[in-house]
Amino acid sequence: MTVSILIFLPVVAALAVLLFKNNAAKHAALTFAVAELVVAALFLSKFVPDASFQFVTDVPWIPKFGIYFNAGIDGISMMMVLLTTLLVPLIILTTYKHQYKNANAFYALILFMQAGLLVVFTALDGFLFYVGWEAALIPIYFICSLWGGENRIKVTIKFFIYTFSGSLIMLLAIIYLYLQTPEKTYDIFHFYNLALGAKQQSWVFLAFFLAFAIKMPLFPFHTWQPDTYTEAPTAGTMLLAGIMLKMGIYGVIRWLIPNAPLGYMQWYSIVIVLAVIGIVYASIIAIRQKDGKRLVAYSSIAHVGLIAAGIFAWSVQGLQGAMIQMLSHGINVVGMFFIWDIISTRLGTREISQLGGIAKVAPKFALAFLIIVLGTVALPLTNGFVGEFMLLYSVFTVNIYLVAVAGLTMIFGAVYMLRMYKQVMQGETNALTATFTDITGTEKLALCIICALIIVIGIYPQPILHISDAAVTKLVQTLNFKFYQQKL
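Residues numbered from 1 in each chain as written. Predicted model: local features only at pLDDT ≥ 70, side-chain atom pairs only at ≥ 80, totals over all residues. Heavy atoms only, no water.

Regarding its fold elements, the protein chain presents 20 helices and two strands. Overall, the protein chain is about 70 × 55 × 45 Å in size when its C-alpha atoms are taken along their principal axes. Within the protein chain, the fraction of its 488 residues that count as buried is 60%. The contacts of the protein chain with a sequence gap of at least 6 include a subset with a gap of at least 24, amounting to 82%. Surface accessibility of the protein chain: about 18,000 Å² in total, with carbon and sulfur atoms responsible for 68%. Here the protein chain holds 28 positive side-chain charges and 19 negative ones, and the gap between their average locations is 5 Å. (Helix = DSSP H or I, 4+ residues; strand = E, 2+ residues; numbered from the N terminus. Buried < 20%, exposed > 50% of the residue type's maximum accessible area, 1.4 Å probe, protein only. Contact = heavy atoms within 4.5 Å. Areas by Shrake-Rupley, 256 points an atom, 1.4 Å probe, with all protein chains shown as cover. Lys, Arg positive; Asp, Glu negative; His and termini not counted. Charge placed at Lys NZ, Arg CZ, Asp CG, Glu CD.)

Spelled out as structure tokens, the structure:
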């Protein structure tokens, strides 16, 4: 059993979905996505949570140029595989009340994107990693540009230019590393063993960092994000925020810092400061938002800023916090965007000031909304708390003043999220919200799954943390030894 099963099943599924039409395409896509989740669960049941790479496939692809289809799963990759295979069927389920034109193409693109994401999260070959990176970008470009809002073309082109530019610079770094290997290979472990000078590693660091900072996005490379999240169809926004931005975070852990440890030592303090600035900036902008979907978009920037700060603090606590927070953020942000999709579909508006009193006419919806809000603001015993606590602890080890500022993400988050909930759900209904109907069917099922995950992970996170613990510990110890050697 190799990882190629996980990668190619969504490709086969996407081609099969193209044969169906309308609701049949929707049902087929959900069936295949659930099947992929079952396969991922099977991989998890066979996974040994040590620091090794398992289920490896390593076959020649273009051997003349040192390119191999080399992929495998360690604890870090397993977390990302679970994130991807868990969220894709959930996202498809949230689309069940919508009717999309050319539904077969829409759902096929989602499954193609899933395959690209899984390549990124399992690739052990630099060229394969780049192919997966671009393979994930192309489907989401068409999803946003064909099924998005009124300004979708302008916004999507900006998003594409940003991310594609970063990708090309990253490709230059990958080719540079390839040329430095005596064997002329893209193998990641050969990259790790290169003995590049400080100046060389600094340039490699900057090239990778630009691509990953745009994808996360990290301040000040975030300007494409709010407009794209707002204009994309809700399923596209969920894919972007729930999974795709984690490509950048994963890239930092797997490809950036291990390949350029000396570059990291030169730039990490600046990156942490940028991340903390992004937390405060995005939180303040979120407080001022009148559009609910746009508010969630800015809150996502703030949360990602804290994840980035925790990673660049480089400790086991920081990376473990990032791993579980990537999963938790994915669940919570999909839940928040689904909440606003339900509101805008029923009432035709996302303007917070036009709403109020919905809890009185939709108590089940109000309860689900509240649980997702509490998870997002990192209330203890919810999934958001564990990761944010570990990330703040990691930043604390670097600078006590920075952690004081970074901690504002929890305070500001509580301010704008709870105020939004109060304005939308509490008080008296008006002529618009009095017509709101409570959740039923697939809406209830999707929100029940999301709320259950928020509570279960919040109460007992240890099994999740155990998956990545050995791989993260080995990675941190290996890099810390390199940092120590450099200081001698």
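Here we take up the packing of helix α13 (residues 316-347) against helix α19 (residues 441-459). Orientation of α13 relative to α19, taken along the N-to-C sense of each, is 150°, at an axis distance of 10 Å. Comparing the axis directions of α13 and α19 gives the class roughly antiparallel. Helix-helix and strand crossings are classified by hand; for α13 and α19 the assignment is left-handed. Taken together, the residues of α19 that come into contact with α13 (itself represented by Ile324, Leu327, Ser328, Ile331, Asn332, Val334, Gly335, Phe338, Ile339, Ile342 and Arg346) are Glu443, Ala446, Leu447, Ile450, Leu453, Ile454 and Ile457. Looking at the contact of α13 with α19 residue by residue, the classes come out as 13 nonpolar, three polar and two charged. (Axes fitted to C-alpha atoms, helices over the stretch in contact; angles between N-to-C directions. Parallel < 35°, antiparallel > 145°, perpendicular 65-115°, else oblique. Left-handed = near helix turned anticlockwise from the far one by under 90°. Nonpolar A, V, L, I, M, F, W, Y, C, P; charged D, E, K, R; others polar.)

By volume, the largest pocket amounts to about 310 Å³. In terms of lining, the largest pocket is formed by 16 residues, of which the most central are Phe189, Tyr192, Lys474, Leu475 and Thr478. Taken together, the elements giving at least two residues each to the lining of the largest pocket come down to α7 (188-192) and α20 (462-487). The biggest single contributor to the lining of the largest pocket is α20, with six residues. Residues belonging to the lining of the largest pocket are distributed by class as follows: nine nonpolar, three polar and four charged. Each of domain 1 (1-259) and domain 2 (260-487) contributes no fewer than three residues to the lining of the largest pocket. (1 Å grid on protein atoms, 1.4 Å probe; cavity = no way out; pocket = protein on both sides within 12 Å on 5 of 7 lines; lining within 4 Å. Points joined across faces, edges and corners; volume = space filled by probe spheres on them. Domains from an automatic or database assignment.)

Attention now goes to the domain arrangement of the protein chain. Here the protein chain is described as being made up of domain 1 (1-259) and domain 2 (260-487). Each partner contributes residues to the interface: domain 1 has 59 residues there, and domain 2 has 60 residues. Approximately 5,200 Å² of surface area, both sides summed, lies buried where domain 1 meets domain 2, with 77% of it carried by carbon and sulfur atoms. When the area that domain 1 buries against domain 2 is broken down by residue, the three leading residues are Met79, Phe219 and Ile257, summing to 14%. Joining domain 1 to domain 2, the criterion identifies two salt bridges. Between lysine 97 and glutamate 443 there is a salt bridge whose closest N-O contact spans 3.7 Å. (Buried area = accessible area lost by both parts, 1.4 Å probe. Salt bridge = Lys/Arg side-chain N within 4 Å of Asp/Glu carboxyl O.)

Turning to empty space enclosed by the protein, a few remarks are in order. In total, this model carries one cavity of 30 Å³ or more according to the counting rule given. Looking at the largest cavity, its volume works out to about 100 Å³. Every residue lining the largest cavity is counted, 13 residues in all, and those nearest its centre are His303, His329, Asn332, Val333 and Thr376. When contributions to the lining of the largest cavity are tallied by element, the ones reaching two or more residues are α12 (292-312), α13, α15 (363-376) and α16 (383-396). Tallying contributions element by element places α13 first for the lining of the largest cavity, with five residues. For the lining of the largest cavity, the residue count by class is three nonpolar, nine polar and one charged.

Moving on, we come to the packing of aromatic side chains. Under the defined criterion, the tally for this structure stands at 37 aromatic pairs. Geometrically, the ring pair formed by phenylalanine 53 and phenylalanine 189 is edge-to-face, given 5.5 Å between the ring centres and 75° between the ring planes. Of the two residues, phenylalanine 53 sits in the loop between α2 (22-46) and β1 (54-62) while phenylalanine 189 sits in helix α7, which places them 136 residues apart along the sequence. Of the residues examined, phenylalanine 53 reaches a relative accessible area of 23% and is grouped as partly exposed. The ring of tyrosine 96 has lysine 26 lying over it, and the distance from NZ or CZ to the ring centre is 5.4 Å. (Phe/Tyr/Trp six-rings, centres within 6.5 Å; stacked < 30°, edge-to-face > 60°. Lys NZ or Arg CZ within 6 Å of the ring centre and 35° of its normal.)

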